[in-house]
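Given next are the chains, with one letter for each unit.
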Amino acid sequence: MLDLPINIDDVKGFLDPEEGATLYAYATTRAKVGLVVEIGSYCGKSTVYLGAACKMSGGFLVAIDHHEGSEENQPGQEYFDPDLADGDGMSSLAHFRQTIKMADLRDTVIPILASSAMATKILTQTLSMVFIDGGHSAAAAFSDYRRWAGLLVEGGILAIHDVFPNNADGGRPPHDVYMKALHSGLFEEIEGVKSLRILKRL
Ligand code: MG
């Protein structure tokens, strides 16, 4: 059952509560088996769902983000938040740290302040679950899939956020990555909740 340590509505972010509850449910099981990884933490909303589940199961969550925001989070862009302004760019790091502290997850969440590509230089072990919620450009989305999906153990969970079958609802790359994963023969879809897709490594 969903049991969060803080009021999740207080955390900035773009994750729907039903999507969060779904992540929580899968992470609760997968954290007992091995490491859970999140790509793209922003202010820590999904980190709380995944981290709370990992904590309950005695596991750990590696939360990867350079905290400089994706293209759409930059000043002048659609999803820029003035609260996160940092020089001529933005930073979600202070909000992320505050979220993890308030949620009492510093003993469970292991943040990596680096790009997803950099993080793969040191994270090379097999993984139990990967949540891809990073950059939405085709280059970023496919790079995340290529770099991380192959590390999943058999039975591991690949969760992809912002999958929009209808072009009008959002950007295309996460959907294209989801289709690529399905057509690879390496994954089967087991659940879809709003824009979240849950795939299992065969
Ligand atoms: Mg997202």
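Scroll up a little and you will see the structure.
What counts and how
Counting starts from 1 at the beginning of each chain's written sequence and moves along it residue by residue. Confidence filtering applies because this is a predicted model: local features only for residues at pLDDT of at least 70, side-chain atom pairs given and counted only at 80 or more, and all residues used for totals across whole chains, interfaces and linings. In computing side-chain values, all of the structure's heavy atoms are included and hydrogens and water are not. For Na, K and Ca the donor cutoff is 3.2 Å, while for all other metals N, O and S atoms must lie within 2.8 Å; water is not among the atoms, so some sites may look incomplete. Secondary structure elements are defined from DSSP: runs of H or I of at least 4 residues count as helices, runs of E of at least 2 residues count as strands, and each element is numbered from the N terminus. Criterion for a salt bridge: a side-chain nitrogen of Lys or Arg within 4 Å of a carboxyl oxygen of Asp or Glu. Note on exposure labels: buried denotes an accessible area under 20% of the residue type's maximum, exposed denotes more than 50%, and partly exposed covers the range between, all computed with a 1.4 Å probe on protein chains only. Residues are treated as being in contact if the distance between any of their heavy atoms lies within 4.5 Å. The way it works is a 1 Å grid over only the protein atoms, where trapped points that fit a 1.4 Å probe form a cavity and open points with protein on both sides within 12 Å along at least five of seven lines form a pocket, and then any residue with an atom within 4 Å of a point lines it. Grid points are joined across faces, edges and corners, and a volume is the space filled by probe spheres set on the points. All amino acids are sorted into three groups, where Ala, Val, Leu, Ile, Met, Phe, Trp, Tyr, Cys and Pro are nonpolar, Asp, Glu, Lys and Arg are charged, and the leftover types, Gly among them, are polar. Two aromatic rings, drawn from Phe, Tyr or Trp (for Trp, its six-membered ring), form a pair once their centres lie within 6.5 Å of each other, and the interplanar angle then sorts them: stacked below 30 degrees, edge-to-face above 60, tilted otherwise.

## Brief notes about the coordination of the magnesium ion
Around a metal, the idealised angle for a tetrahedral arrangement of four donor atoms is 109.5 degrees; for an octahedral arrangement of six donor atoms it is 90 or 180 degrees. Around the magnesium ion, the protein contributes the donor atoms Asp133 (OD), His161 (ND1) and Asp162 (OD), which lie 2.0 to 2.3 Å from the metal centre. Taken in sequence order, the residues that donate to the magnesium ion follow the motif D-x27-H-D. Taken together, the residues span a long stretch of sequence, with Asp133 in the loop between β6 (127–132) and α5 (138–148) and His161 in the loop between β7 (152–160) and α6 (173–183) at a distance of 28 residues.

## Some words on the pattern of salt bridges
In total, this model carries eight salt bridges according to the counting rule given. For the salt bridge of Lys55 with Asp107, the shortest nitrogen-to-oxygen distance reads 3.5 Å. A residue pair is termed long-range when its members are at least 10 positions apart, and Lys55 in helix α2 (residues 45–56) and Asp107 in the loop between α3 (93–102) and β5 (109–112) qualify at 52 residues. If you follow the salt bridges from partner to partner, you end up with Lys12, Asp81 and Asp83 in one network.

## A look at the environment of Ala31
Looking at where Ala31 falls in the secondary structure, it is placed in the loop between α1 (17–30) and β1 (36–39). On the accessibility criterion, Ala31 (7% relative accessible area) is buried. Once the C-alpha coordinates of Ala31 and Ser91 are considered, the two residues, 60 residues apart in sequence, prove to be 29 Å apart. Beyond its immediate sequence surroundings of up to four residues, Ala31 is in contact with Val36, Cys54, Ser57 and Gly59.

## Things to note about empty space enclosed by the protein
According to the stated counting rule, one finds one cavity of 30 Å³ or more in the structure shown. If you add up the space inside the largest cavity, you get close to 50 Å³. Residue lining of the largest cavity: Ile132, Asp133, Gly134, Gly135, His136, Ala141, Asp144, Ile160, His161, Pro174 and Val177, and that is the complete set. For the lining of the largest cavity, the secondary structure elements donating two or more residues are α5 and α6. Of the residues belonging to the lining of the largest cavity, the class tally is five nonpolar, four polar and two charged.

## Focus: the packing of aromatic side chains
Two aromatic rings, taken as a pair, are described by how far apart their centres are and by the angle between their planes. Counted according to the given criterion, the structure contains three aromatic pairs. Seen in terms of ring centroids, Phe14 and Tyr79 are 5.4 Å apart; in terms of plane orientation they differ by 80 degrees. Their pairing is edge-to-face. In this pair, Phe14 sits in the segment before α1 while Tyr79 sits in the loop between β2 (61–64) and β3 (85–86), placing the two residues 65 residues apart along the sequence. By relative accessible area, Phe14 is classed as partly exposed at 49%. Classification of Tyr79 by relative accessible area gives partly exposed; the value is 40%. Ring centres of Tyr145 and Phe187 lie 6.4 Å apart, and the angle between their planes is 55 degrees; on these two criteria the pair is classed as tilted. With Tyr145 in helix α5 and Phe187 in strand β8 (residues 187–193), this pair connects stretches of sequence that are 42 residues apart. Both residues of the pair, Tyr145 and Phe187, belong to the buried class.

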